Every structure is written in C-alpha cells, then in structure tokens.
Amino acid sequence: MPLFRVCIKRIFPSNGKSKSCGKIVCMEDKKQVYYKYFEENIFPQVQELEILRKNIVKKVILSSAVYFIIGILLASSVLFVSFSAGYKLIFVPLILFFMYACILKSIVNFIIAGKDFQAMLYEKVLPLFLPPFANFKKWPKNHNTDVIIDSKLFHNFDTQEDVSSFFGFYNRTNIIISDSRLKMPVKGINKPDLFKGTLIQLELEKSIENHVIMFSKNEKKFNNYKQINPHIDEMNKYLYVFAQNNKKLDFISQKFWDTVKKFGELFTAKGFELSYKDNIVLIALRQKKPMLFGFLFRSLLKAKNYDDLIERFIVIFDLVDILNS
C-alpha cells in the first residue's frame with residue numbers, strides 16, 4: 001500500500017478495534033462511558049439541533065432538485081427546440097452554460113450545506129463532549145508557543161494562531177488540544193501556513209530525561225539527533241525516530257505504536273509528528289480541516305454517530321495511559 005496520500009489511513013496502516021489492553025481501560029470500554037454520558041446529558045440538548053438538521057436537509061434537497069430540473073429542461077430545450085442558424089450560435093452556448101451552472105449548483109448546495117453544518121456542530125455540539133474523563137475547558141489561545149519551539153518539530157515559524165484551545169486533566173496528566181496555525185516567516189500580510197492542524201500537548205507526571213522526535217516519512221524534517229530503529233518493523237516502515245541519547249526509550253513498545261497508528265486514522269491527518277522531551281509530549285497532526293466531525297445526513301440523536309469525535313478523545317487518553325504505565 002503506498003504511503004501518504006490524502007487520508008491518514010494511508011499514512012499508517014489501519015489496526016482495527018483491539019480490546020487486548022490488559023489493565024488499561026480499552027477504547028471500547030471508554031466509548032461506553034461516552035455513550036452513557038450522551039444518553040443522560042447530551043441527548044436532551046441536541047433534540048432542537050436535530051430538528052434544525054432535518055429542516056436543512058429538506059431545504060438543500062428541494063433547492064438542489066429545483067436547480068437540477070432546470071438544468072435538465074435547459075438541456076431538453078437544446079435538443080428539441082429548433083433555432084435558426086443565426087440564433088443558434090448565440091442561444092445554444094448560452095443555454096448550455098446555464099444548464100451546466102444549474103446542475104453544478106445542485107451539487108454545490110450539498111457541499112456548502114455540509115460544511116456549514118459541520119461548523120455548527122463544532123461550535124454547539126463539540127463543547128457537550130468535553131466533560132467525560134478529562135473535563136476539558138476552553139483555554140487561552142496561543143498559550144503553548146514556548147513548548148512548540150522547544151519541541152524542535154518546527155524550526156522556523158513567525159506566529160501561532162489558534163482557532164480554539166481546550167485544557168483537561170486525565171490520569172495525572174495535563175492535556176491541551178488546539179486547532180492551530182503556524183505562519184511562515186515571510187514578508188507580507190497574508191503569510192502562508194507552515195502548519196495547519198491539531199496540536200496535542202501532554203504534560204506527564206513522569207520524565208524520560210531525553211528528547212525523542214518522531215515524524216511520518218512524508219514530512220520533510222531535520223534535526224541533529226541520532227536516528228534510532230526500534231525493534232518494531234512496521235513502525236520503522238512508517239516513522240523516522242530520532243533521540244538525543246539512548247536513555248529512557250522503553251516507552252517505545254508495540255502498544256505505543258498501535259496507539260500512534262490510531263492518531264493517523266482518527267484525525268484524518270496528512271502528516272504526523274511527535275516530540276517527547278522530559279515530561280512533555282507534543283503531537284502535531286497536519287490537517288486541512290482540524291477537529292471537524294459529523295455528517296449532514298446522519299442523525300444527531302444516536303450516540304454511535306459521534307464515534308469519529310469520541311474516538312479522537314479516547315486515543316489521547318489511551319496514549320496517556322500507556323505513557324504513565
């Protein structure tokens with residue numbers, strides 16, 4: 001399977017839903033906690049949004065159907081209406097233009113409505129899923145710039161621009177999740193993005209007295225550390241691993257790699273980077289649309305329909321459990 005194309009399943013291989021996690025609470029068990037919380041606390045709050053979703057679906061289907069029918073009628077007019085030679089050169093191209101415009105509009109309506117709906121979920125539904133396990137709260141933006149610099153994942157950026165940031169505490173670990181942009185240091189008002197995606201910072205209780213850097217093999221990175229090859233063939237196939245020294249590398253295990261793979265799949269990222277220095281872990285997941293979830297034609301009243309969001313939180317908790325074990 002080729003490495004690193006558009007979606008993260010091609011960055012790391014899919015590893016399925018394993019429940020062999022020993023004393024650590026499995027993803028499926030954690031998911032049940034979210035399901036129960038949804039039924040007791042979130043379900044009553046999303047019923048009005050479900051009505052709104054159904055109304056949006058009806059409107060977008062009706063609007064798209066009207067545009068599509070107009071496009072078909074315009075196409076029929078070209079086939080069945082006779083034009084004189086003089087008018088044909090004027091009206092036929094014009095009719096064809098409006099026909100394609102109407103048909104294209106019928107498709108674009110669904111795309112625009114879907115994006116607007118996801119933005120609404122991000123604003124109104126995402127906060128409802130923050131309390132379980134880590135009790136996430138909104139956090140000041142651009143709060144962890146020093147940690148990003150110290151991680152050595154990004155050697156040269158001008159400014160950090162967080163769209164949102166959340167702070168939580170789980171298993172003796174501080175967690176910060178940010179939807180971030182790092183701008184390139186170039187002249188001009190509109191500076192291009194050096195990085196756009198999700199940054200996850202873990203402040204662990206344990207320290208490794210080392211600095212380990214990992215990044216997926218499609219990321220063009222450099223550092224002065226020594227490259228190491230863990231005794232995990234699959235991991236060596238998809239990740240570069242560098243370390244400041246050869247101490248405290250026992251956290252790199254099969255369970256660690258299995259969890260890292262999930263980050264790639266669940267966050268639909270185009271690139272993966274990880275820095276583990278002393279007691280600070282920083283994960284950078286390069287994405288076009290950070291943290292978006294949901295689908296316009298999927299009910300808001302079923303807990304299982306939020307799996308793509310729930311599992312993103314859970315994989316972070318899984319990694320914390322492994323690093324703290």
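Structural data are supplied above this passage.
Residues numbered from 1 in each chain as written. Predicted model: local features only at pLDDT ≥ 70, side-chain atom pairs only at ≥ 80, totals over all residues. Heavy atoms only, no water.

1. Concerning the overall build of the protein
At step 1: When helices and strands are tallied, the protein shows six helices and nine strands.
At step 2: The proportion of buried residues among the 325 residues of the protein is 46%.
At step 3: Summed over its atoms, the accessible surface of the protein is roughly 17200 Å², and 58% of this surface lies on carbon and sulfur atoms. (Helix = DSSP H or I, 4+ residues; strand = E, 2+ residues; numbered from the N terminus. Buried < 20%, exposed > 50% of the residue type's maximum accessible area, 1.4 Å probe, protein only. Areas by Shrake-Rupley, 256 points an atom, 1.4 Å probe, with all protein chains shown as cover.)

2. Some points on the sheet that holds strand 6 (residues 226–228)
At step 1: With antiparallel pairing, the nine strands of this open sheet are ordered in space as 1-2-3-4-9-8-5-7-6. Strand pairing shows two members of the sheet lacking a second neighbour, strand 1 (137–138) and strand 6, which therefore form its edges.
At step 2: Pairing geometry for strand 6 and strand 7 (residues 239–243), over three bridges, is antiparallel. Opposite Ile 228, over in strand 7, you have Val 241 as the bridge partner. (Pairing = 2+ DSSP bridges.)

3. Quick notes on unusual backbone geometry
At step 1: Although it is not a glycine, Asn 135 sits at a positive phi angle of roughly 50°.
At step 2: With respect to the element layout, Asn 135 can be found in the loop between helix 2 (85–124) and strand 1.
At step 3: By relative accessible area, which is 40% here, Asn 135 ends up partly exposed.
At step 4: A positive phi is found at Asp 278, a non-glycine position, where the angle reads about 55°.
At step 5: For Asp 278, the location among the structural elements is in the loop between strand 8 (271–277) and strand 9 (280–286).
At step 6: Judged by relative accessible area, which is 33%, Asp 278 ranks as partly exposed.

4. Overview of the environment of Asn 171
At step 1: Following the sequence through the fold, Asn 171 ends up in the loop between strand 2 (159–170) and strand 3 (173–183).
At step 2: Taking the relative accessible area as the measure of exposure, Asn 171 reaches 26% and is therefore partly exposed.
At step 3: With 150 residues separating them in the primary sequence, Asn 171 and Asp 321 have C-alpha atoms 7.1 Å apart.
At step 4: Leave out the neighbours within four places in its chain, and Asn 171 touches Val 320, Asp 321 and Asn 324. (Contact = heavy atoms within 4.5 Å.)

5. So, the side chain of Asn 223
At step 1: Within the fold, Asn 223 resides in the loop between strand 5 (211–216) and strand 6.
At step 2: A polar atom in the side chain of Asn 223 sits 2.9 Å from the backbone nitrogen of Tyr 225.
At step 3: Setting aside anything within four residues of it in sequence, one finds Asn 223 in contact with Ile 213, Phe 215 and Phe 242. (Polar contact = N/O pair within 3.5 Å; in protein donor to acceptor, adjacent residues only side chain to side chain.)

6. Here we look at the environment of Phe 195
At step 1: Following the sequence through the fold, Phe 195 ends up in strand 4 (residues 193–203).
At step 2: For the pair Phe 195 and Arg 286, spaced 91 residues apart in the sequence, the C-alpha separation amounts to 6.5 Å.
At step 3: Those residues within four positions of Phe 195 in sequence are excluded, and the remaining contacts are Phe 154, Ser 180, Arg 181, Leu 182, Ala 284, Leu 285 and Arg 286.

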